[in-house]
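# Close look at the chain arrangement
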Amino acid sequence: MFLHPLECAKETFFVLQRMERQQYGLQQEHPPVWKDGHHLLYVQEGEGILRVDGDPLLLKPGKIVLLAPDCCVEVEGRSCKPLSLYDFSFTYTVASDTPAQSKKAKAVFSPGHHALSAQAAARFAQLLEQMEQLAETEEPLAKWKQSILFQEIMYLAASDRLTTEETGGTREAIEKVLLYVQQHYQEDISLKEVAQMHGISASNFSSVFKKHVGLNPLDYVTQLRMAQAQRKLKASQPIELVARQVGFKDPLYFSRIFKRTVGVTPSAYRKQSQTDKIVTLLPHLNDYLLALGVKPFATLPYGGNDQVDGYLPYLARELSETKLTGSWNKPDMDELAEAQPGLILGSNWFHINLESVKKIAPTIPIILRDDWQSLLLELARFFGKGEEGKHWMRRYEQKVNQAKALLSLSKARDESVMILTVTCNEYRVYGGRRQLGKVLYEDLRLTPPAGISTKTHYVCVTIEQIQAMNPDHIFLSTNNSNPSKEQIKALQATKAWSGLRAVQKHQVYEVESWLNGHAPIKHSLSIDVAISHLAESKQWEVSVM
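For clarity, every value in this text was computed on a predicted model and none was experimentally measured. (Residues numbered from 1 in each chain as written. Predicted model: local features only at pLDDT ≥ 70, side-chain atom pairs only at ≥ 80, totals over all residues. Heavy atoms only, no water.)

## Considerations on the overall build of the protein
Broken down by element type, the protein carries 22 helices and 19 strands. Burial analysis of the protein (545 residues in total) assigns 49% to the buried set. Within the protein, residue pairs in contact and separated by at least 24 positions form 68% of the contacts whose partners lie at least 6 positions apart. For the protein, the computed accessible surface area is about 27,100 Å², with 50% contributed by carbon and sulfur atoms. (Helix = DSSP H or I, 4+ residues; strand = E, 2+ residues; numbered from the N terminus. Buried < 20%, exposed > 50% of the residue type's maximum accessible area, 1.4 Å probe, protein only. Contact = heavy atoms within 4.5 Å. Areas by Shrake-Rupley, 256 points an atom, 1.4 Å probe, with all protein chains shown as cover.)

## Here we look at the packing of aromatic side chains
Taken as a whole, this structure holds 13 aromatic pairs when the rule is applied. Here W372 and Y396 contribute two aromatic rings whose centre-to-centre distance is 5.2 Å and whose plane-to-plane angle is 85 degrees, an arrangement assigned as edge-to-face. Of this pair, W372 sits in helix α15 (residues 372-382) while Y396 is found in helix α16 (residues 386-407), placing the two residues 24 residues apart along the sequence. Of the two residues examined, W372 and Y396, each falls in the buried class. Through successive ring pairs, a cluster of aromatic residues spans F14, Y42, F88, F90, Y92, F124 and F150. Across from the ring centre of F248, 5.5 Å away, lies the NZ or CZ of R225, which sits over that ring. (Phe/Tyr/Trp six-rings, centres within 6.5 Å; stacked < 30°, edge-to-face > 60°. Lys NZ or Arg CZ within 6 Å of the ring centre and 35° of its normal.)

## With respect to the environment of L178
The residue L178 is located in helix α5 (residues 170-184) in this model. Using a relative accessible area of 0% as the deciding quantity, one classes L178 as buried. Residues L178 and L59, spaced 119 residues apart in sequence, show a C-alpha to C-alpha distance of 9.6 Å. In this structure, L178 is in contact with L58, K60, F209, V213 and Y220, ignoring residues within four places of it in sequence.

## Focus on the nonpolar core
One finds L440 and L444 to be the most contacted residues of the largest nonpolar core, which totals 56 residues. Secondary structure elements with two or more residues in this core: α12 (285-291), β13 (343-347), α15, α16, β15 (417-422), α17 (435-443) and α22 (520-534). In terms of residue count, α16 provides more of this core than any other element does, seven residues in total. Setting aside residues up to four positions removed in sequence, L440 forms contacts with V417, I419, R445, L446, F475 and A530. Residues I200, V208, M226 and I239 belong to the second largest nonpolar core, which totals 31 residues. (Core = buried A, V, L, I, M, F, W, Y, C linked by side-chain atoms within 4.5 Å.)

## What about the sheet that holds strand β11 (residues 298-299)?
One open sheet accounts for five strands, arranged β12-β11-β10-β13-β14; its pairing is parallel. Single-partner strands in this sheet number two, and they are β12 (323-324) and β14 (363-366). Two strands pair when backbone bridges link them, and β13 and β14 are joined in this way by four bridges, in the parallel orientation. Residue pairing in the sheet places G346 in a bridge with P365 of β14. (Pairing = 2+ DSSP bridges.)

## Points about a nonpolar patch on the surface
The grouping of L141, W144 and I148 at the surface amounts to a nonpolar patch, some 350 Å² of accessible area in total. By the element assignment, I148 lies in helix α4 (residues 142-166). A relative accessible area of 43% places I148 in the partly exposed class. (Patch = residues over 30% accessible without salt bridge, like charges linked within 9 Å, V, L, I, M, F, W, Y side chains within 5 Å. Salt bridge = Lys/Arg side-chain N within 4 Å of Asp/Glu carboxyl O.)

## A look at α15
The α-helix winds at 3.6 residues per turn, so residues separated by three or four positions along the chain end up facing the same way. By the burial criterion, the buried members of α15 are W372, Q373, L375, L376, L379 and A380. In an axial view of α15, the angular spread of the buried residues amounts to 165 degrees, which keeps them on one side of the axis. Next to the buried residues of α15 lie α12, β14, α16, α17 and α22. One or two residues past the end of α15 sits G384, with phi positive at roughly 70 degrees. (Arc of directions from axis to C-beta.)

## Description of the confidence of the model for the protein
Residues at a pLDDT of 70 or more form 87% of the protein, whose mean pLDDT is 82. Mean pLDDT values over the elements of the protein span from 45, in helix α2 (residues 99-105), up to 96, in helix α21 (residues 501-504). Predicted confidence is poor over residues 99-108, with pLDDT under 50, and the contacts of this stretch with residues over four places away or in other chains come to 19 contacts. (pLDDT = per-residue confidence, 0-100.)

## Thoughts on the sheet that holds strand β18 (residues 473-478)
Pairing within the open sheet is mixed, and its five strands lie in the order β17-β16-β15-β18-β19. A strand with exactly one partner marks an edge of an open sheet, and here the two such strands are β17 (458-461) and β19 (508-510). Looking at each pair of strands side by side, their axes are set apart by 30 degrees on average, direction ignored. Examined bridge by bridge, β18 and β19 share three bridges and lie parallel to one another. Pairing of F475 across the sheet is with Y509, part of β19. (Axes fitted to C-alpha atoms, helices over the stretch in contact; angles between N-to-C directions.)

## Overview of the side chain of T280
Tracing the backbone through its elements, the reader meets T280 in strand β10 (residues 278-280). A polar atom in the side chain of T280 sits 2.7 Å from the side chain of N286. Contacts of T280, omitting those with residues within four sequence positions, involve L285, N286, L289, P296, A298, T299, L300 and L345. (Polar contact = N/O pair within 3.5 Å; in protein donor to acceptor, adjacent residues only side chain to side chain.)

Below you can see the structure in the form of structure tokens.
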């Protein structure tokens, strides 16, 4: 039955308890989990198998699954891309407590699954995005709004299922075919026979399959086999054995198909996959990797005074399982050798002897540059994360456009904005070539102080020159040293400082020193900070993407 639309509409109210995003990788072990309440699962991307009390179910983007309380759930990723799904736990109540209606409420829904239509899936994604935004805000009515959106999600699930039943069960038949193929891909199967087994005409099977899946049947089986082959090759299994395990009797033919599909030979792919254990010799590189969904095995400690457990503050949570080695500018060579990393990423910031590091593992020197976008995409291509890199760039561009639209309604659009960093012996005013200046001046199109070029990194100035610029807004930070903090206090005690327009208007914003960095996640956070201080609207939602 899944959801009964009429009973839901008349009497039932769904109450969201919790919403969680979960990811399942190919090589990760995921122990069974007991679900103690009602749950709605929604597959965002990737493919896999869900076993509910031992019964398998194919998961693919757009699939929703309704779970009853007290069931045992196991999830297994089955594609190169991590399986990403949302888990909504909820309760439901009825409008009346009469025994008759309580009895009816039990028939409102039963466990089941449904593949959303393209139109419903698009609407589901919109609702999900709104719910995620609300989850990050402290707005008093946010929980209420989330509850309303969840009601719409449940309505969407019920109504789309009803429409599918009224227009025939072809999609459900394709679902069964996909599940069968997922379980028997290593065998020599006849796809047309499989289609007939599930009530689909062999003559138009290929066109029907492609309409619902996006690939013809043979290409789908090939991609499935290659995904499983990649997983097995990463586990260092012999190529001949991998070929047989994924349905190829001839290893040479398997190698040709693998190279045609994946782009490299199986042996080359296995060598590349040894780079899973990554060490970074610069903490700031971790920003780029995390933006791509790549988590380093080990890194050097961050040397700033604001470090959290040895990590950059804004990355500490994501890197909590990443090993720290050596000091901020020198790796522990013995620890590196013992760890046996697959790849080491160096940098041009610190004078670390990369020749000695190369003796431990393949080492790539990463040259940090003003154009952080090109470096992100370069790393994305190297790690096989091209789509993730493009997705990040699209999301960042959308965020910039939303921020500019909000700033266009603010008085800050016509006022000057200064980025001032105080060190122990100088004042630096930043231009727009990189770091926070690139975000404010190049991306958000804000106005720098008079005499500051958007093409400049920074210039050292005197207090008299700051007076002459007399900005409307100042983003103020240190270079993360205790003497610099004392220097800020000395600056703020001067008559020249108190006479500045930004000071008199209470438009000086002290920001964390790490924010004036140059990397994807930092830039995303910089937009949030800029909007929180410069925009008059309180509708902006903080999001790192």
